[in-house]
Every structure is written in C-alpha cells, then in structure tokens.
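Close look at the chain arrangement
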Amino acid sequence: MIRRPPRSTLFPYTTLFRSRVRHLRASLTATNDSQEAGGQVGVEVGQIVSSAAKPNVVIAVLVFGCNRVTIQRNIDLLIKYRPSKEQFPIIVTQDCGHTQTAKVIQSYGDQLTHIQQPDLSDITVPPKEKKFKGYYKISRHYGWALNQTFRHFNHETAIVVEDDLDIAPDFFEYFMATYHILKSDPTLWCVSAWNDNGKEGVIENDSNLLYRTDFFPGLGWMLTKDLWAELESKWPKSYWDDWMRQPEQRKERACIRPELSRTKTFGKVGVSNGLFYEKHLKFIKLNEKYVPFTQRDLSYLKKDNYDVQFVKKVYDSPIVTWEDLKAGKVTLEGSVRITYHTKETFKKLTKLFGIMDDLKSGVPRTGYRGVVAFVHKNRRVYLAPPADWKGYDKSWS
C-alpha cells in the first residue's frame with residue numbers, strides 16, 4: 001500500500017536524546033468579538049472595525065522541529081514579521097534530540113522559548129506500518145507539545161507552524177483578525193494559512209479573499225484551548241491530521257482559509273520523502289501583499305452570513321460542460337458551475353483542471369458544502385454537487 005502522507009507532517013526523525021526544558025509563561029485575556037455586519041463571500045470588505053486588533057490578545061506560536069538546522073529560516077521570518085514577542089510568544093518544540101538543531105534554536109535567546117520532547121523512546125508499530133513509524137513519532141510529539149502549550153504555559157490560543165514553512169508578510173495580521181471570528185462562531189474550529197489548491201493559474205491573484213472550508217488544511221493553523229480540551233483525551237497514535245478530518249472530530253465545523261496562502265513549505269526532505277513536493281507543493285503561491293485585515297469587517301465569514309451568499313453565488317452561476325470550458329467555447333461573463341454526481345466524475349474533473357483530487361472522509365480539499373472553487377483562464381469555476389446535496393459520503397475516500 002502506498003500511503004499519501006499527511007501534508008502537515010513533513011519533518012524527519014533521527015537520533016534521540018533527552019534534555020532540560022526552559023519555560024516562558026505568557027498571560028492571555030480575551031477580547032470581545034468585533035461587531036457583526038453583512039459582507040460578501042471571499043471579497044474585500046472595506047469597513048473599519050476598531051475592535052479587531054486590541055493589544056491584549058496574546059496568541060502563542062508553536063513551532064515544531066526535529067533535526068533540520070534550516071529551522072532558522074522559519075524562525076527568522078516569524079521574528080521579522082511578528083508585531084511583538086509579548087503579543088505572539090514563540091515556543092519552539094523539538095523532538096529527536098538533534099544537537100545542532102538545538103543550538104540553532106537556543107541561539108535566539110529570549111526571543112523564543114525552547115522546549116524538548118522528553119519521551120524519545122522507540123515506538124512499537126504494526127508490521128505493515130513499520131515504514132510509517134515517523135508519523136507515530138510526529139503524533140506523539142504533537143500531543144505532548146499542544147498539552148504543554150495549553151496546560152503548562154496556559155495559553156488560550158495557538159498557531160501551529162512546522163519548521164519548514166515560509167510565511168507571508170501579513171501572516172500575523174491575518175491570524176489576529178480572524179481570531180475574533182474563530183472565538184465567536186461555534187461552527188468554526190480552526191483558521192489556516194494554507195490553500196491546498198493555491199497554485200498559480202488556479203487561484204485569483206487577490207490577497208483579500210478569504211473563505212470557509214470543510215477540509216482541515218493544516219500547514220500553519222490556529223486553534224483554541226477549548227478545542228484542545230475536546231481532542232486531548234482521544235489524540236491519535238499516528239496520522240493526526242487525517243484523524244482531524246474524520247467526522248467524529250470535525251463535527252460539521254469549518255475552517256477559514258485564504259485564496260493566496262500565507263505559508264509555503266520549503267521542506268522537500270522529510271518523513272514523506274519529498275512525496276507531493278515536486279508535483280504540487282513547490283508550486284503553491286505565497287502571498288506577498290500586506291493586507292490590513294484587522295481594519296476590515298470579516299463578519300461575512302460567520303456561517304449565517306456566509307452560507308446564504310455562498311450558496312446563491314454558486315448555484316446562480318450557469319452550468320457549463322468541462323469540454324466547452326476547456327475549449328474556450330464559454331462566451332458568457334462571470335463565474336460558471338460544473339456539476340459532478342459521482343466520486344469518479346469528481347476525480348476526473350479535478351485532474352483535468354490541475355487541482356487536488358483526493359478526499360478525506362469524503363471531503364475534498366478546500367471543499368465547502370461539497371463545492372470546490374478554483375480559477376480557470378481568469379474565470380471563477382465552481383465544481384459543485386447538485387443543489388439538493390445531502391452531505392459528504394465517507395465511502396468516497
């Protein structure tokens with residue numbers, strides 16, 4: 001069996017050792033949610049919302065590392081772009097016990113807190129899973145580090161980042177603005193900086209666009225202490241991100257994601273042995289424009305506002321065939337819709353248009369209400385199920 005690896009678990013595991021842990025505590029006080037107002041789905045909204053950037057919000061940044069000294073590249077960008085170390089304290093959690101990587105992390109002094117996974121023992125896995133042992137170690141590391149962040153350091157919110165990610169200039173601005181939406185909308189359970197279909201040519205070059213998605217993206221994502229309290233006792237032994245995508249965990253909740261990714265991986269080598277990188281990951285476009293999201297009204301991302309406009313936009317778009325669209329025979333202006341009814345048709349269409357074709361627990365990457373939005377020849381296209389869609393089918397995975 002060839003397993004398509006979790007995309008947010010790309011760092012490698014080698015030599016192990018145990019070391020002491022240094023701690024830094026940071027307090028957090030919650031702010032009131034920003035005022036609600038109507039908006040448009042995935043479009044810029046210009047209204048100023050003064051409550052969106054109150055300075056007493058503290059969001060921890062939890063960086064996962066192992067044995068790559070190139071973690072310096074990621075840390076340098078985090079320190080360069082963060083507004084302040086008080087508002088965004090960085091915790092670098094290291095597995096593997098790799099001495100050279102530890103020295104790189106420790107060289108930043110009080111700019112960050114370095115913690116090290118104490119359990120570096122080997123893991124017994126089923127024989128058929130032997131070559132995937134790295135994913136078991138990753139899951140163990142994640143569970144321990146998230147527990148440290150929310151239990152020991154007592155943070156209320158955290159952004160999870162891997163050591164092989166570049167970040168956009170407005171990375172922190174994006175998370176600070178969406179924090180209030182995440183905290184106030186119970187139908188959301190994460191905010192991600194990543195667009196799985198974020199390649200040049202299939203996205204709109206508009207840094208302002210934000211969406212809801214039923215698919216857990218990972219690769220730079222924000223969660224709350226309340227969510228960790230829900231997941232902690234049942235945290236999986238392996239493949240944690242695919243586990244997050246199961247309906248038992250997702251519970252019909254969504255994440256916020258951007259059109260242009262605010263993260264991009266530079267880690268070709270890792271547990272996954274570079275699978276996906278050459279074919280997909282290296283083509284993801286990283287946002288370069290700073291967007292002042294905290295000065296925008298993002299309440300259009302709340303479910304009650306978003307769904308009405310999203311469904312109207314999708315199903316008011318005229319149906320076209322993929323053959324006519326690919327051949328340039330569609331003469332009408334504006335967005336169009338291509339309908340799929342089966343898993344086989346969905347996979348065929350995604351491959352034809354160069355977007356991700358896999359599904360996890362029946363949910364397509366970037367999908368919302370079964371709809372995958374992308375751009376073809378500068379036109380918005382909705383790959384959508386029929387209007388009477390009944391929900392995701394796990395057998396499609």
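Here's the deal with the overall build of the chain
Of the regular secondary structure elements, the chain holds 10 helices and 15 strands. Within the chain, the fraction of its 397 residues that count as buried is 61%. By sequence separation, contacts in the chain at least 24 residues apart represent 79% of the contacts at least 6 residues apart. When the accessible surface of the chain is summed, it comes to about 16,500 Å², and 50% of that surface belongs to carbon and sulfur atoms.

Observations regarding the confidence of the model for the chain
On average, residues of the chain carry a pLDDT of 88, and 84% of them reach 70 or more. Long-range and interchain partners of residues 1-54, a stretch whose pLDDT sits below 50, account for 188 contacts in this model, where long-range means more than four residues apart.

Regarding the sheet that holds strand β15 (residues 379-384)
Pairing within the open sheet is mixed, and its three strands lie in the order β11-β15-β14. Edge positions in the sheet fall to β11 (336-339) and β14 (372-376), since each of these pairs with one other strand and no more. Across this sheet, the average inter-strand angle for adjacent strands is 30°, counted without regard to direction. Both β11 and β15 contribute to a ladder of four bridges, which runs parallel. By the bridge assignment for β15, arginine 337 is matched with tyrosine 382. Relative to the sheet, helix α8 (residues 303-316) contacts β11 and β15, its axis offset from that of β15 by approximately 100°.

Examining the packing of helix α1 (residues 71-81) against helix α2 (residues 99-106)
Helix-helix packing: each pair is described by the crossing angle between the helix axes and the interaxial distance. Running from N to C, α1 and α2 cross one another at 15°; their axes reach a closest spacing of 10 Å. Judged on the interaxial angle alone, α2 and α1 are roughly parallel. Note on packing geometry: the crossing formed by α1 with α2 is right-handed. Contacts between α1 and α2 involve Ile71, Gln72 and Ile75 from the first element and Thr101, Val104 and Ile105 from the second. Looking at the contact of α1 with α2 residue by residue, the class counts come to four nonpolar, two polar and no charged.

Some points on helix α4 (residues 171-184)
Over its 14 residues, α4 extends 21 Å from the first C-alpha to the last, a length consistent with the 20 Å expected when each residue adds 1.5 Å. The sharpest bend along α4 comes to roughly 30°, located at threonine 178. Burial analysis of α4 places 12 of its 14 residues in the buried class, which makes it a mostly covered element.

A look at the sheet that holds strand β9 (residues 254-258)
The sheet built from eight strands is open, its strands ordered β3-β2-β1-β4-β8-β6-β9-β7 with mixed pairing. The open sheet has two edge strands with one neighbour each: β3 (113-116) and β7 (210-213). For this sheet the average axis-to-axis angle between neighbouring strands, irrespective of direction, equals 25°. Relative to strand β8 (residues 221-224), strand β6 (residues 188-192) runs antiparallel, the two sharing two bridges.

Observations regarding the environment of aspartate 357
Positionally, aspartate 357 belongs in the loop between α10 (343-353) and β12 (359-360). Classification of aspartate 357 as buried rests on a relative accessible area of 13%. Along the sequence, aspartate 357 and asparagine 197 sit 160 residues apart, while their C-alpha atoms lie 10.0 Å from each other.

Here we look at the environment of glycine 367
Relative to the helices and strands, glycine 367 is located in the loop between β13 (363-364) and β14. Relative accessible area serves as the criterion here: at 0%, glycine 367 is assigned to the buried category. In this structure, the C-alpha to C-alpha distance between glycine 367 and aspartate 214, residues 153 residues apart in sequence, is 5.8 Å. Apart from the residues within four sequence positions on either side, glycine 367 is in contact with Thr213, Asp214, Phe215, Val372 and Tyr392.

Here we look at the pairing of strand β2 (residues 90-94)
In terms of burial, β2 is largely enclosed, as five of its five residues are buried. By the bridge criterion, five bridges tie strand β1 (residues 60-65) to β2 in an arrangement that is parallel. Within β2, the position partnered with leucine 62 by the bridge is isoleucine 91. Following the backbone out of β1, through α1 and into the adjacent parallel β2, one traces a crossover that is right-handed. Of the pairings in the sheet, the one linking β2 to β3 comprises four bridges and is parallel in character. Looking at the pairing, valine 92 lines up with histidine 114 of β3.

A closer look at the packing of aromatic side chains
Within this structure, the stated rule accounts for 25 aromatic pairs. Aromatic pair tryptophan 389 and tyrosine 392: ring centres 4.8 Å apart, planes at 75°, arrangement edge-to-face. Linked through ring pairs, Phe64, Tyr142, Trp189, Phe216, Trp221, Trp228, Trp235, Trp240 and Trp243 together constitute an aromatic cluster. Here the basic side chain of lysine 326 rests over the ring of phenylalanine 353, its NZ or CZ set 5.3 Å away from the ring centre.

Section: unusual backbone geometry
One non-glycine residue, asparagine 154, lies in positive phi territory at about 60°. The partly exposed category is assigned to asparagine 154, whose relative accessible area is 35%.

Some remarks on helix α3 (residues 133-152)
Residues lying three or four places apart along an α-helix face the same way, a consequence of the helix completing one turn every 3.6 residues. When the terminal C-alpha atoms of α3 are compared, their 28 Å separation across 20 residues agrees well with the 28 Å that a helix rising 1.5 Å per residue should span. Of all 20 residues in α3, 16 are buried; the element is thus mostly enclosed. The positive-phi residue at the C-terminal boundary of α3 is asparagine 154, with phi of around 60°.

The rules behind each value
Residues numbered from 1 in each chain as written. Predicted model: local features only at pLDDT ≥ 70, side-chain atom pairs only at ≥ 80, totals over all residues. Heavy atoms only, no water. Helix = DSSP H or I, 4+ residues; strand = E, 2+ residues; numbered from the N terminus. Buried < 20%, exposed > 50% of the residue type's maximum accessible area, 1.4 Å probe, protein only. Contact = heavy atoms within 4.5 Å. Areas by Shrake-Rupley, 256 points an atom, 1.4 Å probe, with all protein chains shown as cover. pLDDT = per-residue confidence, 0-100. Pairing = 2+ DSSP bridges. Axes fitted to C-alpha atoms, helices over the stretch in contact; angles between N-to-C directions. Parallel < 35°, antiparallel > 145°, perpendicular 65-115°, else oblique. Left-handed = near helix turned anticlockwise from the far one by under 90°. Nonpolar A, V, L, I, M, F, W, Y, C, P; charged D, E, K, R; others polar. Expected span 1.5 Å × (residues − 1). Bend = angle between axes of the 7 residues up to and from the residue. Right-handed = clockwise from strand over helix to strand, strands pointing away. Phe/Tyr/Trp six-rings, centres within 6.5 Å; stacked < 30°, edge-to-face > 60°. Lys NZ or Arg CZ within 6 Å of the ring centre and 35° of its normal.

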